[in-house]
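An overview of the molecular structure
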Amino acid sequence: MNEMTKIAATTTLKDWETDQEVRWCPGCGDYAILKAVQRTLPELGADPANTVFVSGIGCSSRFPYYVESYGFHTIHGRAPAFATGIKLANPQLDVWLVTGDGDGMSIGGNHTMHVLRRNLDCQILLFNNEIYGLTKGQYSPTSREGTTSPTTPLGSVDRPASPCAFALGAGARFIARGFDVSKNLPDVLKAAYHHKGAAFVEIFQNCIVYNKDVFNDFAAPKGAEDRQLWLANGEPMLFAKGTHGIALDTEKLTLKVVDVVDGDWQSAGVIVHDVTNRSIAHMLVEMPFGPFPMALGVLYDDPRPTFEAAVMAERAKASAGKEPNLAKLLAKGQTWTVEDSGPEL
Amino acid sequence: MATQLADPEAKSTAAPEAVVVRFAGDSGDGMQLTGGQFTLSSALAGNDFATFPDFPAEIRAPQGTLFGVSAFQINFGSTSIDTAGDAPDVLVAMNPAALKTNVGALKPGGLIIADTGEFTKRNLEKAKYDVSPLEDGSLAKWQVLAFDISALTLESVKPFGLGNKEALRCKNMWTLGLALWMFDRDRQPLIDWLNAKFAKNQILADANVAALNAGHAYGETAELGGHVKKLHLGPVPTPAGLYRTITGADAVALGLVAGAQLAHLPMFFGGYPITPASSILHALVRLKEFGVTTFQAEDEIAAICAAIGASYAGQLGVTSSSGPGIALKGEAMGLAVMTELPLVIVNSQRGGPSTGLPTKTEQSDLYQAVYGRNGDAPIPVVSARSPSDAFECAIEACRIAVQYMTPVILLTDGYIANAAEPWLVPDPATFKEFPVSFLAEKNAGDSLLPYKRDANGKRPWIKPGTPGLMHRIGGIEKAVDTGHLDYSPGNHQAQTDARKAKIDGIAQSIPDQEVCLGNPDGKLAVVGWGSTYGPIHQAVGRARAKGLDVSHIHVRHIWPMPQNLGALLKGYDKVLVPEMNTGQFKTVLRDQFLVDAQPLTKTSGQPFAIAEVEAAIATYFDGVPGNAGGDDVPPNEQQLPSVKAVNL
């Protein structure tokens, strides 16, 4: 989010809806994410005129057409580069970047890495459905091993990439996770908005046509308590109604699941979540689902100065006391004057 | 023209009008620096000049090898100079490899200055010489002046106590000193420059000055076998005013800054390092006070995408590269066409395909510029003919981009980017401004129509941040006026036609094509574009001096072309198109105007020699009744006779 935007705009969900027909498949998780964003923006006091949604290519990248703000649907994988140009040209703008697992982790992996390491102030929403939807169901870089698809009829053999681990490795200062129909998604979006710098949010999204219910093992309402670890800064890492927690195995230097008896998480050694602890963040993004619950919410949040602020500061410093005089610039360097009668040194 | 520089028989020859000198040595010998400083001294002496730096792609190629030779050629004189010269009159060879790779170009009777200190057994082997060419008579058709420059340099810097390696580094200044003596040049500007360059190390400054002076004194006092005479080339008559030397890369950078100022816009430059385009980025990073934001992106694609993003947000987006990088930018260029945003794309062309010849020049990206995108994606193309012309072309590219809301390609090449020439510094007060305006309120009553076109076919430029004008753009086909997604057949037809009409219409804003030398009709037009200007102009001038009816036309606007160009070309019996590719502009001319344009092609990584163009012109005239052939051109059996002459 942008600090300069002091005056909160008063809008409602309706103000963020466009007159365009939404063209996702009926039942697609994208609808829920769109609603969550449109519900959150008024609460943030965001101004539609000052907001830009930038996307690449893919199902998720149609998002800007449905948000009543400025929107730029660009080319495959390159949204971070466009966002960089937009933000450097006008740092006042609130820039949201919408991408997917194919767009952001495959063809655009390079740009995802660099926008994170530079720490451009923007919100990056990566809709992860572990499949290529718009091109009709090929496996993606986040598809699990063995995923059958038109290009992997015998099951995929590549190991999947983990977007949050990638983001942290690239130098991201904010990492969060949510899923399409989660009631907590607006809170995750708000935290991302309030983080000054590149805020990376992985949103698990159900592709009901090509990869249906692939996240049900943790996202299904039934038994969700046991399989979701919602992280909150300053709170113990508890799940399953407080009966289990995450502790540090100090011998192996890994995380472990511990039982919590009678709510006494302290004696069970449950870790208190500190969003600024980068070591713990590394463990959380790598924490395997199955033996562990799915880590959701804000995993890491430790701001650093933004790229555009550094660029502006450098330009101000380099320009200080210099007059932009074009005539003088053109005549710079070693010059000589030719009189009508001949040259003079 | 033949110089009398090395003619021992000539007792009192008049000074030649122009001399071509080539400095060649190891890539670590400082030849580019020597050439650059000699250029400056030529400028200060009031000579006109053109230079041609020719260096290897390797940063520090193994010492003494043939592929590690770096050369710098300068053509300077008291007459107007358009090219870096065909064959050198003087070759300074700092080692056997430099001699071997360059001596073939030297004029018969030309002068070789060689450093015998480097003609060791080992260096001769590296240059693949069995016997020293200085001793076996193989250099008989040239004048050879061989002496131990290494030893003389070591002697001259002895008082400063430098190590052997450091001391030998002063060789280039010793050689420069000798060259300054040969051409009667003032040493003081060079001494000032050395003192400034080595301000932090006075010993090095003193040693280099001592070497420079020693080389100069050597010329003054030594018996040089009668080969070398001190020559004074007078100043060339030029328009009065303030001059500086400028390379094409600097001219592009300055032109872009000027263009952005004339448009009243901040400039955003997205670049990624690539030879020979990087120097534009190097120049612009130092001009932040002019509202320039530079961004070294993670790759070529990000560089152009960021520039498009900046244009979308209301700045003048610019990106720059060379052929391989431009190829990567192709998809994003299509997006800029579809979203109709202004953008300037500079291509400093180099030899291709693929990595090709990174440090050598070529004009083989013309098809890429005009045709090289998916879909019908017309983009205007402007080409610079010389370093100083690149300044005006950069401004022109900016003008077209903002006045028509379109990406524009500016073509230069490795030769223009690196070469230097004198430049009459223009007065910005004489430049015509083209300020842009952004849409501030809805443009159709209560509605906003982001794709509503004006009389020029241009859509409004709407900056994010403007209240009430929120809208969405992207690469999917846009509905007429509203800009909504629209795949319908009629709409795509209408928008494809509108995009084409808009670019075609730019022709109305560009000047009619002029004939830069010769007549507006006649027997032969030599049509060029880009950096072939110099050799074509000189060759046509020489042919005309022999009485041949030949004219030179040089096209700046490659796409769209000037409105009168077709009619103009049809006024000549024949059209010859010299270009450093396999005939790309020739094909475009044929396609656009159904003229029988004939190619003259060269793809050696070197610019055309004047003589090559001259010889090609001669074939159109020899032995044809009614055509005045040149005296010194032998009859040619494969002549291409004038249609009019044959029909007489």
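Refer to the structure printed above.
Analysis parameters
Residues numbered from 1 in each chain as written. Chains lettered and ligands numbered in written order. Predicted model: local features only at pLDDT ≥ 70, side-chain atom pairs only at ≥ 80, totals over all residues. Helix = DSSP H or I, 4+ residues; strand = E, 2+ residues; numbered from the N terminus. Buried ≥ 20, exposed ≤ 12 C-beta atoms within 10 Å, placed from the backbone. Contact = placed C-beta atoms within 7 Å. Pairing = 2+ DSSP bridges. Right-handed = clockwise from strand over helix to strand, strands pointing away. Axes fitted to C-alpha atoms, helices over the stretch in contact; angles between N-to-C directions. Nonpolar A, V, L, I, M, F, W, Y, C, P; charged D, E, K, R; others polar.

Describing the overall build of chain A
The helix and strand inventory of chain A stands at twelve helices and 13 strands. When the backbone C-alpha atoms are referred to their principal axes, chain A occupies close to 100 × 50 × 45 Å. Counting the 345 residues in chain A, one finds 50% classified as buried. Restricting the contact set of chain A to residue pairs at least 6 apart, pairs at least 24 apart contribute 66%.

Quick notes on the pairing of strand β16 (residues 522-528) of chain B
Residues and elements named next belong to chain B. When you tally the buried positions in β16, you get six out of seven residues, the bulk of the element. Two elements, β16 and strand β19 (residues 572-579), share four bridges in a ladder whose sense is parallel. Paired with Val-526 across the two strands is Leu-576, which belongs to β19. Bridge count for β16 against strand β17 (residues 550-554) is five bridges, and the pairing is parallel. Across the sheet, residue Ala-525 finds its bridge partner in β17, namely Ser-551. Once the chain exits β16 it traverses helix α17 (residues 533-545) before rejoining the sheet at β17, and the crossover so formed is right-handed.

Some points on the sheet that holds strand β4 (residues 90-93) of chain B
Residue and element names in this part refer to chain B. Reading across the sheet, the six strands line up as β2-β3-β1-β4-β5-β6 and stay open at both edges, with mixed pairing between neighbours. Edge positions in the open sheet fall to β2 (48-54) and β6 (143-147), since each of these has one partner strand only. Within this sheet the neighbouring strands show an average axis-to-axis angle of 15°, counted without direction. Across four bridges, strand β1 (residues 18-26) lies against β4 in parallel orientation. By the bridge assignment, Phe-23 is partnered in β4 with Val-92.

Section: the interface of chain A and chain B
With 52 residues of chain A in contact, the opposing surface of chain B contributes 58 residues. Residue assignment for the side of chain A that touches chain B shows that the elements contributing at least two residues are β2 (70-73), α2 (79-89), α4 (109-118), α11 (307-319), α12 (326-330), β12 (335-339) and β13 (342-344) of chain A. Here the element with the most residues in the side of chain A that touches chain B is α2(A); it accounts for eight residues. Of the residues assigned to the side of chain A that touches chain B, the class counts are 27 nonpolar, 19 polar and six charged. Across three bridges, the pairing between β2(A) and strand β15 (residues 472-474) of chain B is parallel. Looking at β15(B), one finds that A:Gly71 is bridged to B:Arg472.

Some remarks on the environment of B:Tyr415
All names here are of chain B. For Tyr-415, the position within the fold is in helix α15 (residues 414-418). Under the C-beta neighbour-count criterion, Tyr-415 is labelled buried, with 33 such atoms within 10 Å. Separated by 111 residues in the primary sequence, Tyr-415 and Ile-304 have C-alpha atoms spaced 24 Å apart. Discounting chain neighbours no more than four positions away, the residues touching Tyr-415 are Phe-52, Thr-361, Ser-531 and Pro-607.

Some details on unusual backbone geometry
Here the bond from B:Thr275 into B:Pro276 is cis, since omega is 0°, no more than 30 degrees from zero. On the secondary structure map, B:Pro276 appears in the loop between β8 (267-271) and α10 (278-284). One non-glycine residue, A:Leu253, lies in positive phi territory at about 55°. Positionally, A:Leu253 belongs in the loop between β9 (244-249) and β10 (254-259). Given 9 C-beta atoms within a 10 Å radius, A:Leu253 is considered exposed. In this structure, A:Asp262 is a non-glycine residue whose phi angle is positive, near 55°. One can find A:Asp262 in the loop between β10 and α9 (265-268). Note on A:Asp262: 8 C-beta atoms within 10 Å, which makes it exposed.

Thoughts on the pairing of strand β3 (residues 94-100) of chain A
Residues and elements named next belong to chain A. With respect to burial, β3 is a largely interior element, seven of its seven residues being buried. The alternating pattern of β3 places Asp-94, Trp-96, Val-98 and Gly-100 on one face and Val-95, Leu-97 and Thr-99 on the opposite face, and all of these are buried. Direction of pairing for strand β1 (residues 51-55) relative to β3: parallel, over a ladder of five bridges. Considered in β3, the bridge of Val-52 is made with Val-95. With five bridges joining them, β3 and strand β4 (residues 122-128) adopt parallel strand pairing. Bridge pairing in β4 places Trp-96 opposite Gln-123.

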